[in-house]
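# Report on the structure
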Amino acid sequence: MEEPQPFLPKKGNYRGLLVYQKAECIYDITYFFAHHYFVERKDRTIDQVVQAARSGKQNIAEGCSAASTSAETELKLLGVARASMKETLEDYKDYLRTRKLEEWSVNDPRVQQIQEYSKKHNRPKDYTTGIEQRSPEALCNIAITLICQYDVMMGRLLDRIQKDFVEEGGIRERMTAARLGYRNDQKARIAELESKNAALKARIAELEGLLAQKGGRR
């Protein structure tokens, strides 16, 4: 008899997600930026900026790890990650605005260059190597571009998870389906064995009849 199929999907490989890789890049840029360009502030800005970027990364890891047992928890944590990264986005925009620096438009050749570069570069060191040579304005705009890409990716990921939940159900539905599937397999196997047993009995009866005929001829 075949083993029943597991009802828990194989999930949890958050490091393979492009959105997580993008979050790592954003976090490392933000960590450097906060500790180098918010140092004049005496409030909690540094910790808040770093923690928001960290939340945008860590909640992906936690959400994906919980995905096997709770789609609801997964969606909630990914939603928190997305919201946290939007908070980080606002911090960068505020920095540019309050210091009268330029926020590059989406049609700016520099933004398009960042977009092209980021298509094939998703490791933190791709952005932190030589980071101290970049101006605060450039770093802000690099981070803003990456966060916008992150937001689009996260939106697609959430849509896919919601679609899977509607089509496949949550853990309760999968457990029920697994139990019913196993019971149906057992019933089908029992019916098959009973059919074979009936055929064997019929064959035995046929052979016994032939033997009886031969014995009567002697």
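To be clear, the structure that these remarks concern was listed above.
Report follows, based on the coordinates. (Residues numbered from 1 in each chain as written. Predicted model: local features only at pLDDT ≥ 70, side-chain atom pairs only at ≥ 80, totals over all residues. Heavy atoms only, no water.)

## A short note on the overall build of the protein
Using the following cut-off: Each helix corresponds to a stretch of at least 4 residues labelled H or I by DSSP, and each strand to a stretch of at least 2 residues labelled E; elements are numbered beginning at the N terminus. We call two residues contacting when some pair of their heavy atoms lies within 4.5 Å. Each accessible area value is a Shrake-Rupley result obtained with a 1.4 Å probe; residue values ignore everything except the protein chains displayed when judging cover.
Counting secondary structure elements, the protein contains seven helices and zero strands. N-terminal to C-terminal, the α/β element order of the protein is α-α-α-α-α-α-α. Residue pairs at least 24 apart in sequence account for 77% of intrachain contacts in the protein once pairs closer than 6 positions are excluded. Element-wise, carbon and sulfur atoms account for 52% of the exposed surface of the protein, whose accessible area totals about 14,200 Å².

## A look at the packing of aromatic side chains
As a reminder of what qualifies: Put simply, two rings from Phe, Tyr or Trp (the six-membered ring, in Trp's case) pair if the centres are within 6.5 Å, and we call them stacked under 30 degrees between planes, edge-to-face over 60, tilted for the rest. Classification of residues uses two cut-offs on accessible area relative to the type maximum, computed with a 1.4 Å probe and protein chains only: under 20% is buried, over 50% is exposed, and between them is partly exposed. Note on geometry: a ring has a charge over it if NZ (lysine) or CZ (arginine) is within 6 Å of the ring centre and within 35 degrees of the ring normal.
Under the definition given, this model contains seven aromatic pairs. On the basis of an interplanar angle of 70° and a centroid distance of 6.5 Å, the ring pair of F32 and Y37 is categorised as edge-to-face. In terms of burial, F32 and Y37 fall into one category: buried. A centroid spacing of 4.9 Å and a plane angle of 75° characterise the contact between F33 and Y95, whose relative ring orientation is edge-to-face. Taken as a pair, F33 in helix α1 (residues 18–37) and Y95 in helix α3 (residues 71–98) lie far apart in primary sequence, 62 residues in all. No difference in accessibility class separates F33 from Y95, as the two residues are buried. By way of ring pairs, the aromatic residues F32, F33, Y37, Y92 and Y95 are connected into one cluster. Lying across the ring of Y27, K57 places its NZ or CZ 5.5 Å from the centre.

## Comments concerning the side chain of K57
Keep this limit in mind: Polar contacts, as used here, are pairs of N or O atoms within 3.5 Å; protein pairs need one atom able to donate a hydrogen and one able to accept it. Residues neighboring in sequence count only if both atoms are side-chain atoms.
Relative to the helices and strands, K57 resides in helix α2 (residues 45–66). At 2.4 Å, the side chain of K57 and the side chain of Q58 are in polar contact.

## Comments concerning the pattern of salt bridges
Oppositely charged side chains may form a pair once their charged atoms are brought near each other. Spelled out, the test is: Just to be clear on terms, a salt bridge is a Lys or Arg side-chain nitrogen sitting within 4 Å of an Asp or Glu carboxyl oxygen.
Throughout the structure, instances matching the rule amount to nine salt bridges. Measuring nitrogen to oxygen at the nearest pair gives 3.4 Å for the salt bridge that ties R15 to E24. A salt bridge links R123 to D126; its shortest N-O distance comes to 3.1 Å. Connected via shared salt-bridge partners are R82, K86 and D151.

## Considerations on unusual backbone geometry
Excluding glycine, most residues fall at negative phi; most peptide bonds, likewise, are trans. Notably, K100 is not glycine yet its phi reads approximately 55°, a positive angle. By secondary structure assignment, the location of K100 is in the loop between α3 and α4 (109–118). Taking relative accessible area as the criterion, K100 reaches 77% and is therefore assigned exposed.

## With respect to the environment of C25
Along the chain, C25 turns up in helix α1. It is 9.7 Å that separates the C-alpha atoms of C25 and I147, two residues lying 122 residues apart in sequence. Leave out the neighbours within four places in its chain, and C25 touches N122, R123, P124, Y127 and L146.

## Brief notes about the packing of α1 against α2
Axis angle and axis distance: for two packed helices, these are the angle between their axes and the distance between the axes, and together they describe the pair. This is how the line gets drawn: Note on geometry: axes are C-alpha line fits, over the in-contact stretch for helices, and angles between N-to-C directions span 0 to 180 degrees. Here roughly perpendicular refers to angles of 65 to 115 degrees, roughly parallel to angles under 35, roughly antiparallel to angles over 145, and oblique to all remaining angles. It is the rotation of the near helix from the far one that decides the hand of a crossing: anticlockwise by less than a right angle makes it left-handed, clockwise makes it right-handed. Throughout, the ten residues Ala, Val, Leu, Ile, Met, Phe, Trp, Tyr, Cys and Pro are labelled nonpolar, Asp, Glu, Lys and Arg are labelled charged, and all others, Gly among them, are labelled polar.
Two numbers describe how α1 lies on α2: the axes approach to 9 Å, and their chain directions differ by 165°. Taken together, the axis directions place α1 and α2 in an arrangement best described as roughly antiparallel. The chirality of how α1 crosses α2 is left-handed. Here V19, Y20, A23, E24, Y27, T30, Y31, A34 and H35 of α1 lie close against α2, whose contacting residues are I46, V49, V50, A53, R54, G56, K57, I60 and A61. Of the residues that constitute the contact of α1 with α2, the class distribution is twelve nonpolar, three polar and three charged.

## A few points about the environment of E132
Tracing the backbone shows E132 in the loop between α5 (125–128) and α6 (136–168). Owing to a relative accessible area of 51%, E132 belongs among the exposed residues under this scheme. Through-space distance from the C-alpha of E132 to that of H36 is 9.1 Å; in sequence the pair is 96 residues apart.

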